[in-house]
Amino acid sequence: MSKLRILYVASEINPFLQITEVADYVRKLPQAMQERGMEIRILVPRFGLINERKNRLHEVVRLSGINISVGDDEKPLIIKVASIPSAKLQVYFIDNEDYFHRKSVFLDKDNNFFDDNDERAIFFCKGVLETVKKLGWAPDVVHCNDWMTALIPLYLKTTYKNDPMFKDTKCVFTVYNNAFNYKFEDGILDKAKAMDVSDEALAHLRSADFEGFIKIGCAYADAVVKADDDFSESLNRIFDELPERKLELVEEDENFTDTYYNLYNELAG
């Protein structure tokens, strides 16, 4: 039997960057699955806080050079790579000068939420899928983590549903309690558009806020995971309204890796 291929997508991963518990989660889980014989790839943004020299990032020229559309704009995609030596895991970094070279993640020096964080998320989600295509590596399962990855389940079910690289791919979306209060501008739907993506498909995003991203990720994923017991009332409500594709996990659970191993195998059929 061929190895199951799992793609992990997140906004952060140890040891390169940690701002929330996502970084630890995405560091431990891929290694655990690799040790069980699965083939792993990891994609994250190359935020400006990541020290390229210290972490030995280098550009992958054969993967770079695509332009990604965000509304009417086209932005060049740069791909970098580094490894986690202790785990023999490779991490690919999505980079773009306009979006990721500032020396902070989602907030400026005055603690204000960047008003283009929606564009950064859209660029990242589209860039991830185009990078995987260029890699020529067809994932059995794409595991998306937190709000910044929430459009990937939608794109997999629309734009990429007939693409040979993704036609059998299943998607897991893990929700974290990392809410923000910012509301994006009305143009968010136009920015998120892609081939075969209708206004109706993007309906959840009309609220232009954190909950909109979470709802759209939940709506299109094949399985939704609650990574935290301490959810806000509104997040719990979103989760409770989901059909039977939901899974409640607490990382300290001794069956944590078993549960994921079984979930991936079940989804991949």
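What counts, and where the lines are drawn
The residue count restarts for each chain, going from 1 along the sequence in the order it is written. In keeping with the model being predicted, local features are shown solely for residues with a pLDDT of at least 70 and side-chain atom pairs are shown and tallied solely at 80 or more, while totals for entire chains, interfaces and linings include all residues. Note: side-chain values were computed over all heavy atoms of the structure, leaving out hydrogens and water. Helix and strand assignments follow DSSP, with helices taken as H or I runs no shorter than four residues and strands as E runs no shorter than two, numbered in order from the N terminus. When a residue's accessible area, from a 1.4 Å probe over protein chains only, is under 20% of the maximum for its type it is buried; when over 50% it is exposed; and in between it is partly exposed. What counts as a salt bridge is simple: a side-chain nitrogen of Lys or Arg found within 4 Å of a carboxyl oxygen of Asp or Glu. By nonpolar core is meant a set of buried Ala, Val, Leu, Ile, Met, Phe, Trp, Tyr and Cys residues that side-chain atoms within 4.5 Å join together. Whether two residues are in contact is decided by their heavy atoms, any of which lying within 4.5 Å being enough.

Caption draft 1: Unusual backbone geometry, seen in detail. A cis amide bond, omega 5°, links Asn14 with the succeeding residue Pro15. In the Ramachandran plot, Asp196 falls in the positive-phi region, its phi being about 65° despite a non-glycine side chain. Summarising the element assignment, Asp196 is placed in the loop between helix 6 (188-192) and helix 7 (210-220). By relative accessible area, Asp196 is classed as exposed at 55%. Its identity as a non-glycine residue notwithstanding, Ala208 has a phi of 55°, on the positive side. For Ala208, the location among the structural elements is in the loop between helix 6 and helix 7.

Caption draft 2: Representation of the pattern of salt bridges in the model. Taken as a whole and judged by the stated rule, the model has 16 salt bridges. The partner of Lys193 in a salt bridge is Asp199, with the nearest N and O atoms 2.8 Å apart. On the basis of relative accessibility, which here comes to 28%, the residue Lys193 falls in the partly exposed class. Taking the relative accessible area as the measure of exposure, Asp199 reaches 39% and is therefore partly exposed.

Caption draft 3: Looking closely at the nonpolar core. Counting 104 residues, the largest nonpolar core has Trp147, Leu151, Tyr155 and Tyr264 as its most contacted members. Here this core gets 9 residues from one element, more than from any other, and that element is helix 4 (residues 117-135). Apart from residues lying up to four places away in sequence, Tyr155 is in contact with Ile122, Cys125, Lys126, Leu129, Tyr160, Lys161, Ala192, Ala194 and Val197.

Caption draft 4: Here's a closer look at the environment of Thr131. For Thr131, the location among the structural elements is in helix 4. Along the backbone, Thr131 and Glu97 are 34 residues apart, and their C-alpha atoms lie at a distance of 17 Å. Not counting the four nearest positions on each side in its chain, Thr131 is found in contact with Leu43, Leu63, Leu77, Ile79 and Ile94.

Caption draft 5: Highlighting the environment of Ala10. By the element assignment, Ala10 lies in the loop between strand 1 (5-9) and helix 1 (22-35). Distance from Ala10 to Pro153, taken between C-alpha atoms, is 13 Å for residues 143 residues apart in sequence. With near-sequence residues (within four places) excluded, Ala10 lies in contact with Val22, Val26, Leu43, Val44, Pro45, Phe124, Asn145 and Thr149.

Caption draft 6: Structural detail: the environment of Leu7. Assignment of secondary structure puts Leu7 in strand 1. Of the residues examined, Leu7 reaches a relative accessible area of 0% and is grouped as buried. C-alpha of Leu7 to C-alpha of Asp229: the two residues are 222 residues apart in sequence and 25 Å apart in space. Not counting chain neighbours up to four residues away, the residues in contact with Leu7 comprise Arg41, Ile42, Leu43, Val128, Val132, Trp137, Pro139, Val141, Val142 and His143.

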